[in-house]
Structures are given as C-alpha cells and as structure tokens.
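Spelled out, the chains give:
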Amino acid sequence: MAKSSADDEELRRACEAAIEGTKQQVVMSIRVAKTSGIIGIAGKLSRGAMAKPRVLAISTKAKGQRTKAFLRVLKYSNGGVLEPAKLYKLKHLSKVELVTNDPSGCTFMLGFDNLRSQSVTPPQWTMRNVDDRNRLLLCILNICKDVLGRLPKVVGIDVVEMALWAKENTPAITKQQANPQDGPVTAVAEEGEMTVTVERELVSQAEEEDMEALLGTYVMGIGEAEAFSERLKRELQALEAANVHAILENEPLIDEVLHGLESATNCVEDMDEWLGIFNVKLRHMREDIESIETRNNKLEMQSVNNKALIEELDRLLERLRIPSEYAACLTCGSFEEARMPQNIEACEWLTNALHGLESPKLDPSYSNMRAVKEKRAEVDKLKTMFVRRASEFLRNYFSSLVDFMMSDKSYFSQRGQLKRPDHADLRYKCRTYARLLQHLKSLDKNCLGPLRKAYCTSLNLLLRREAREFANELRSSTKASKNPIVWFEGLTGLNQSVNNADTSAASEAYAKMLTIFIPLLVDESSFFAHFMCFEVPTLLPPEGVANGNKAGDDKNDDLGIMDIDENDNKSGQNSADLEALNESLQDLLDGIQEDFFAVVDWAGKIDPMCCISMHGITERYIPDQKADAAGFVRILLDDLESRISMQFSRFVEETCHQIERNERNVRQLGVLSFIPRFATLATRMEQYIQGQSRDLVDQAYTKFVTIMFVTLDKIAQTDLKYQDIMLLENYASFQNSLYDLANVVPTLAKFYHQASESYEQACTRHINTIIYYQFERLFQFARRIEDLMYTITPEEIPFQIGLSKADLRKVVKYSLSGVDKSISTMYKRLQKNLASEELLPSLWDKCKKEFLEKYESFVQLINKVYPTESIPSISEMRGLLASM
C-alpha cells in the first residue's frame with residue numbers, strides 16, 4: 001500500500017511555512033483534488049469540470065483558555081510553492097456529506113453555515129483512497145468533538161464503520177493523558193509503513209465495552225451486518241407493541257381522570273356565568289358615573305369660557321377706545337415745535353391702534369364684528385385727516401424756511417467776500433419734524449412723495465443760488481490773464497516766447513469750488529435720504545467738517561439724523577427706494593452743475609493747461625463717492641471730468657491744426673518753430689499734472705509728437721536736396737530740448753528714441769551723399785567688382801572690360817591724387833548746408849568714420865583681386881583724416 005500524503009513530513013513543513021506568522025499549528029495535511037462539477041459514470045468528471053490539486057491542512061491556535069480550529073485550503077503557485085487560498089473555521093462546519101455519484105466513496109463535500117451565498121454548490125474534495133478520506137474526516141470529527149463540543153451532521157457515511165476502521169488501523173495506541181482544556185490529545189499507531197493519527201475515539205471506553213457486551217450476546221459474527229440490523233428492527237417493534245399493551249391495561253384509570261375533568265369543567269362554566277352577570281351590572285354603573293362626570297365637566301368649562309369671554313371683551317373694548325386727548329391732537333392740534341412731543345405720542349398711539357386692529361394682533365374672528373368695523377373706520381378717518389394736515393404743514397414749512405434764507409443776503413457770497421454755505425440751522429429746524437416724517441411713512445407711504453418733491457423744489461432754489469453767487473465771486477476775485485495763449489500759430493522765429501504768466505489761480509479756484517460744494521452736496525444728499533426715510537445706506541460726513549464749523553458748535557451737534565427711528569435697523573438695500581432716491585436727488589440738485597461747468601469753461605479759456613490739474617482734482621473726489629445717497633454727486637463729477645477732457649481734447653486738436661499749418665508756409669530751413677515750442681509746452685504740462693491725469697497728458701503727447709513728425713516729413717519732402725539736413729537738424733533739436741523730460745516721462749522717452757533712430761538714419765543718408773559726390777568713381781569701381789565676384793573668381797575679374805589693372809590705375813589716380821583737397825571739399829560741403837553749427841563736429845566725425853570704413857573695404861577688395869597693384873594704405877588714409 002502506497003504511503004499516504006498525511007504522513008508526508010515535507011508536506012507538513014511546507015504547510016507550516018505557508019501559514020508562518022499566524023501562530024497556528026498544523027495537525028494534519030493531506031493532498032486532495034478540488035472539483036466543482038458533477039461526477040458522472042465511472043467516477044469521471046463531467047465535461048467542463050477540471051480537478052485542481054490542493055492541500056487541505058487542519059490547524060489549531062491556542063488563545064488563552066480556548067483553542068480555535070481551522071481548515072485551510074492551500075494551492076500551488078507557479079513556482080510549485082504552497083500558498084494560502086482559503087480559510088474555514090471549523091466552528092461553522094455544519095455538514096459532512098459523501099457524494100453518492102462517486103462509486104469509489106472518495107469524494108465528499110463540507111458544508112459551512114456562514115457562507116455568504118448558500119445557493120452556490122460547495123466544492124467537492126476527492127481523496128486518493130478511502131483510507132485517506134477516513135483519516136481526514138476522523139481528524140475533523142475528533143477536533144469538533146473535543147474543541148468545539150459538538151459534531152457536524154454526517155450524511156452518507158456510516159460512523160460505526162468509521163470507528164471500526166479506526167480501531168483496525170490502530171493496533172498500538174499510546175495515549176497521552178492531558179487536560180482537555182490544553183487542546184486535542186493525539187494518539188499515534190504504527191503498523192508497517194502506515195501511521196494513522198486518530199484524535200480520540202468517536203465513542204468513550206465505557207460505551208465501547210457496553211457495545212462489545214451487547215454484540216457478545218449474539219451468536220452471529222460482526223461481519224453479518226444486515227442480519228444484525230434486521231434483528232434489531234424486530235426487537236424494536238416488539239418493544240413498541242409492549243408499550244401499547246401497557247397503555248390499554250390502564251383504561252379504568254383514564255376513565256376516572258376524564259370524569260373528574262368533566263366535573264371541573266361544569267364548575268368553571270357556572271363561575272363564568274356569574275362573572276358575566278356581575279360585569280353587566282358594573283358596566284351600567286360605570287356608564288352612569290361617566291354621564292355625571294361629563295355634565296359636571298361641561299358646566300365647569302362653560303363657567304371658564306364665560307369668564308375668559310368677559311376678559312377678552314374687556315380687552316377688546318379697551319383696544320377700541322379712542323382717548324379724547326389723542327383724538328383732539330390728531331384732528332385739530334398744532335404742529336408748533338413745543339407741541340411736537342404730544343403729536344409724536346398721538347402718532348404712536350394711532351400706529352399701535354391701526355396695527356392692533358389688523359392680523360395677527362387681532363384675531364381674524366373679530367374682523368367681521370360690527371363694533372370692530374366701525375372703530376376701524378373711525379381710526380382710518382383720524383389717520384387720513386392727520387396725514388393731510390401734517391403734509392400741508394410740512395410743505396409750507398419747507399418753503400418758508402428757504403424763503404427766509406433767500407431773503408437774507410448774508411447767507412450768500414458777496415462782492416469781495418466768499419461765503420461758505422451753512423445749512424446747520426436749516427437742518428436743526430428740519431430735525432424737529434424727523435420723527436413726524438417717520439410716523440407719516442408708517443401711516444401712509446404715499447404721502448411722502450409730495451413732501452419729498454416740495455422739499456427738493458425749495459432746497460434746489462437755495463443750493464443753485466449759493467453755487468451761482470459763489471462761482472461768480474470766485475471768478476471775479478481770481479486774478480488771471482484774459483488773453484488766450486496760442487502755442488504753435490504765427491511763430492516763425494525761435495526767439496519769440498509765449499506768455500509764461502502763472503495761471504494756476506484758475507485751477508485753484510476750481511479746486512476751491514469742489515472743496516466747498518462737493519462735501520456740501522454729499523452731506524445734503526445723505527441728510528435728505530435719512531430725513532425723508534429712504535431705506536438705503538448713506539454716507540454721513542464727519543461731524544462739523546462738511547460746513548466748516550467747529551466741532552463744539554451747538555447747532556452742528558445734531559446734523560446727522562441716524563437716531564430718527566431707533567427701531568429701524570434695516571440695512572438691506574431696497575431697489576425701489578434707491579430708484580426713488582435717485583429721482584428725488586435729481587430734483588434736489590438739478591441745475592447746480594451749470595455753475596460748475598461755467599467755472600470749468602472759464603478756467604479752460606484762461607489757460608488750457610488748467611484742464612490737466614482740474615482733471616486730476618476731479619478724479620481725486622470720484623472714488624470717495626461710493627454711498628448710494630451720493631449717486632447724483634458721482635454723476636456730477638463724471639460730467640465734470642468729461643467736460644474737462646472735452647475741453648482739453650479741443651485744445652489738443654487746435655494745437656495739432658496749428659502744427660499742420662506750418663507745412664503751408666514758405667520754404668523753411670533749419671529747426672522748425674514747433675520743435676522747441678513743444679518742449680516748452682511739455683514742461684508746462686508736466687507742472688499741472690495731479691493724481692490720475694497722467695493718461696490724459698500722455699494721450700496729448702502722442703497726438704502732438706505724431707503730427708509733428710508727420711508735418712516735419714512733409715516739409716522736408718518739399719526740397720529733396722535739403723531733406724536729410726532738415727530732418728537731422730530737427731530731430732537733433734527735438735532730442736536736445738526733451739532730454740531732461742524724457743528721463744522722467746516714459747511716453748516722451750519712447751518718442752525720444754524714435755527721434756534718435758530717425759536722426760541716425762538722416763545722418764547716414766546725408767554723409768553717404770557727400771562721400772559719393774566726392775569719390776563716386778572710386779566706390780562705383782569697387783561696387784562693380786563686388787557684383788562680379790558673385791559669378792566669377794577674383795582672378796578672372798582683371799580680364800573683364802573696364803576692370804583691368806590700367807582701369808584701376810586711372811580710377812585711383814583720378815580719385816586719390818590730391819585726396820586731402822577732396823576731403824577738405826567734403827568738410828566745406830558739410831559745413832555749407834548745415835544751419836546748426838553745434839552739429840558740425842559730430843557730423844564730421846561720423847563722416848570721417850564712414851569714409852574710412854568704405855575705403856578699408858575698398859583696399860581689402862583690391863588686395864584680393866589686384867594683389868600686385870599698390871594704392872594708399874589704410875593707415876596712411878587714417879593719418880590723413882586725423883590731421884584734417
């Protein structure tokens with residue numbers, strides 16, 4: 001018999017290596033074949049089911065007082081090394097079933113009760129022979145009994161036969177006595193080459209002895225299993241028949257028991273009938289008691305309701321009562337300042353009364369009561385009458401306040417005296433009625449429209465007159481030149497100069513106008529927004545600053561009206577109120593912009609340069625006007641900025657036209673008049689730059705310089721003979737006059753570099769013209785040689801017509817004999833046509849350098865083509881030029 005894999009020590013060591021680190025001890029390991037198909041005829045696998053080699057290992061792990069048992073499935077990796085595939089806990093083993101389709105009896109299935117999908121057929125394990133199967137199953141059953149204290153269900157396998165097999169295959173057993181808590185006890189039997197490991201017997205020693213005694217009573221041998229089973233069945237039937245007979249013999253006793261039960265049943269029925277009668281009587285009594293309690297509860301509830309109704313009616317009557325003092329104040333009371341606390345108190349009562357007659361303060365069930373309807377109509381009548389009287393009074397009051405100020409000339413600027421507008425008294429008097437306006441808004445929102453219109457109309461007259469008187473006196477008191485400055489027209493000479501009078505007073509007058517009136521207008525807008533109950537964010541000026549008064553002035557302590565309605569804490573912006581506020585501010589401040597425009601036009605006529613500083617001053621005010629109440633002031637500043645930009649753009653356009661008129665003048669030589677004038681203009685413009693007006697000035701620079709360069713090119717093209725001279729002189733003058741400004745102004749630096757490039761180009765063209773005029777034959781000869789070198793070799797050139805050595809000697813003799821005189825002639829021609837003497841040294845140096853470079857290339861060309869010919873060397877020519 002072949003050696004079983006269960007005795008393979010190498011296999012056991014491989015299994016222990018595979019589960020190393022788990023602290024588990026391998027009890028048994030055996031090779032099996034895993035299949036998932038159905039075994040058919042002759043024990044062959046069905047089609048599509050393949051057997052896979054596996055190793056089943058039973059392992060245990062001690063954990064304190066307990067021992068855990070596991071069934072491990074190991075498979076072979078690509079390198080033939082065992083590696084864990086699956087792990088089952090034996091405590092979940094519920095069934096061991098033999099596969100009946102395998103006639104060999106070596107295939108079985110293990111069922112676990114914790115598998116996720118019980119619908120999937122568990123794998124089938126096929127052993128090499130029945131002995132290996134019995135070894136494995138006996139080991140599993142012994143561990144389940146000893147460690148877990150229970151046995152799984154065994155289907156298709158005779159446990160007695162397995163026990164007999166285990167006894168036959170263990171002739172010599174050495175038992176190790178140990179504590180059952182220490183784990184399973186292992187018995188080892190040796191017989192030849194086979195070693196069988198049995199973990200305790202399936203039956204105890206006492207049970208085995210009883211079974212042997214039972215089997216000893218029978219004459220038949222143990223091998224006659226069928227006859228033994230048949231005999232046991234017959235004896236069991238006989239024993240059951242004896243039990244039935246014994247029961248039938250006890251019939252009289254059973255009859256006596258049944259009679260006693262019948263008597264007890266009759267007594268119970270009588271008792272049940274009596275209890276039913278008592279239950280009916282008790283139910284009738286309970287109904288009578290409940291009826292009495294219900295009547296008592298209704299009477300008590302009626303009493304409570306009547307009391308609550310009387311209290312509620314008293315409260316309603318109190319709510320509907322109109323106090324006589326409030327009625328008199330609302331219908332015919334005076335609106336004088338001394339009576340305003342009583343009027344405010346009456347308004348508060350009226351507001352509370354109206355709210356008290358509306359839901360949710362008034363129960364909806366009271367709304368249809370006649371008394372409530374009559375009182376509501378009476379209160380509405382009081383409200384209408386009071387709102388009409390208060391609105392009429394406030395309209396007349398606003399008009400009278402403004403008329404009083406208009407009639408007093410001391411409120412306005414006069415000849416020789418600039419008067420700062422002061423509205424402290426006006427606001428103080430208006431503030432007296434601020435709370436009244438709040439109550440009017442809560443009583444009737446529609447009444448605020450006419451009141452706002454009346455206030456704006458009256459105050460608009462005052463503001464426009466203050467601005468007009470202030471602007472007129474500001475212009476008359478400012479000393480400035482009345483003659484407009486013309487920068488580029490009618491200036492044909494360089495010695496004429498423009499009027500350099502200081503015109504900054506005009507821009508200072510504009511700045512003073514903004515300084516006085518912009519805070520005033522913002523303050524008025526903010527006051528108006530609060531006073532007339534607009535629910536928009538506002539911007540209040542610092543206390544006492546807007547009107548130039550000291551912080552300690554009593555009249556100025558309450559200019560802001562943030563406490564008009566202390567219960568109004570709304571901070572969200574209401575788009576409808578914002579639109580209405582903008583319309584009202586238009587009515588309040590409309591027309592005042594004309595006086596600002598007049599100051600702008602006046603300053604622009606005195607000196608257009610003032611537009612630069614005015615533009616910067618205006619831009620400084622714009623970012624500060626972010627509040628919704630300053631919407632009109634933002635529009636005013638934007639309009640002023642646009643008007644200033646338009647005025648300055650008109651000046652720029654007129655100046656450009658003056659520059660363009662120079663090209664229609666008679667033939668001009670030397671530096672054109674607008675070149676130095678532009679430097680003076682740029683210097684003046686830089687003095688007026690403030691704030692963000694740099695962009696405005698840079699745009700003007702771009703237009704000026706562009707039209708200047710275009711006009712210069714047109715004038716230079718009228719006489720091509722002197723074109724380059726005019727260009728280089730004017731570009732040089734442009735650079736010299738703007739050198740300092742170009743270092744600090746990026747825009748001018750860009751045009752400075754452009755003029756420098758144009759100057760270099762004009763110089764190069766003019767110098768080349770003078771050089772070629774004096775040495776034309778010499779350099780034309782060199783050019784012909786250069787052209788031929790692209791097509792033939794240098795050795796063939798002396799054999800071409802006109803390029804022989806004799807021709808070379810003639811050209812050299814003609815051009816270089818008396819070369820010092822020729823160079824002197826070049827200098828005289830350069831000096832003759834140049835109007836700017838200061839440019840002559842630099843131009844002559846450029847001319848000598850350019851001539852020397854051309855002569856050097858000529859000498860190199862001659863040495864390559866005519867190596868035997870001698871001409872003046874480069875050093876000789878350089879020394880000659882240095883001595884000139």
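Residues numbered from 1 in each chain as written. Predicted model: local features only at pLDDT ≥ 70, side-chain atom pairs only at ≥ 80, totals over all residues. Heavy atoms only, no water.

**Student:** Could you clarify how one ought to interpret the pairing of strand S3 (residues 66-76) in this entry?
**Tutor:** Remark: a regular strand shows side chains that alternate across the two faces of the sheet. Where strand S2 (residues 52-63) and S3 come together, 9 bridges link them in antiparallel fashion. Among the inter-strand pairings, Ser59 is bridged to a residue of S3, identified as Phe70. Here S2 folds back onto S3 in antiparallel fashion, the turn holding 2 residues, of which Gly64 has a positive phi close to 70°. Pairing of S3 with strand S4 (residues 82-89) involves 7 bridges; the strand directions are antiparallel. For Leu74, the partnering residue across the bridge sits in S4 and is Pro84. The turn joining S3 and S4, which pair antiparallel and follow one another in sequence, is formed by 5 residues; a positive phi near 80° is taken by Gly80. (Pairing = 2+ DSSP bridges. Helix = DSSP H or I, 4+ residues; strand = E, 2+ residues; numbered from the N terminus.)

**Student:** Help me understand the pattern of salt bridges in this model?
**Tutor:** Think of it this way: side chains of opposite charge can pair up when their charged atoms draw near. For the structure shown, the criterion picks out 15 salt bridges. The closest approach of N and O atoms between Lys95 and Glu97, which form a salt bridge, is 3.2 Å. Overall, the relative accessible area of 33% leaves Lys95 in the partly exposed class. In this structure, Glu760 and Lys846 form a salt bridge, with 3.3 Å as the shortest nitrogen-oxygen distance. In this pair, Glu760 is assigned in helix H22 (residues 746-774) and Lys846 in helix H26 (residues 840-865), connecting sequence segments 86 residues apart. Its relative accessible area of 35% is what places Glu760 among the partly exposed residues. Among the residues examined, Lys846 registers a relative accessible area of 29% and is labelled partly exposed. In the salt-bridge network here, residues are joined through shared partners; they are Arg427, Asp523 and Glu524. (Salt bridge = Lys/Arg side-chain N within 4 Å of Asp/Glu carboxyl O. Buried < 20%, exposed > 50% of the residue type's maximum accessible area, 1.4 Å probe, protein only.)

**Student:** Explanation requested: the sheet that holds strand S7 (residues 124-126) in the structure shown.
**Tutor:** Two strands in a sheet stick together by hydrogen bonds in their backbones, pointing the same way (parallel) or opposite ways (antiparallel). Strand order in the open sheet formed by 8 strands is S4-S3-S2-S1-S7-S6-S5-S8, with mixed pairing between adjacent strands. Edge strands, defined here as strands with exactly one partner in the open sheet, are S4 and strand S8 (153-155). With direction set aside, neighbouring strand axes in the sheet form an average angle of 35°. Two elements, strand S6 (residues 107-112) and S7, share 3 bridges in a ladder whose sense is antiparallel. Looking across to S7, one finds that Thr107 is bridged to Thr126. In the packing of helix H2 (residues 130-148) onto the sheet, contacts are made with strand S1 (25-35), S2, S3, strand S5 (93-98), S6 and S8, and the angle to S1 comes to roughly 130°. (Axes fitted to C-alpha atoms, helices over the stretch in contact; angles between N-to-C directions. Contact = heavy atoms within 4.5 Å.)

**Student:** What is the right way to look at the packing of aromatic side chains in this model?
**Tutor:** Within a pair of aromatic rings, the relevant descriptors are the distance that separates the centres and the angle that separates the planes. Scanning all chains against the criterion turns up 28 aromatic pairs. With centroids separated by 5.7 Å and ring planes inclined at 20°, the aromatic side chains of Phe393 and Tyr397 adopt a geometry described as stacked. Of this pair, Phe393 and Tyr397 both sit in helix H9 (residues 370-407), 4 residues apart, which is roughly one turn of the helix. Judged by relative accessible area, Phe393 falls into the partly exposed class, the value being 24%. Ring plane angle 85° and centroid distance 6.3 Å describe the contact between Phe517 and Phe596, whose orientation is recorded as edge-to-face. Of this pair, Phe517 sits in helix H13 (residues 504-531) while Phe596 sits in helix H15 (residues 593-606); the two residues are 79 residues apart in sequence, bridging distant segments of the chain. You can call Phe517 buried: its relative accessible area is 0%. With relative accessibility at 0%, the residue Phe596 sits in the buried group. An aromatic cluster is defined as three or more aromatic residues linked by ring pairs; in this entry it consists of Phe648, Phe651, Phe678, Tyr701, Phe704, Phe709, Tyr731 and Phe734. (Phe/Tyr/Trp six-rings, centres within 6.5 Å; stacked < 30°, edge-to-face > 60°.)

Function cannot be inferred from these measures alone, as they are strictly geometric.
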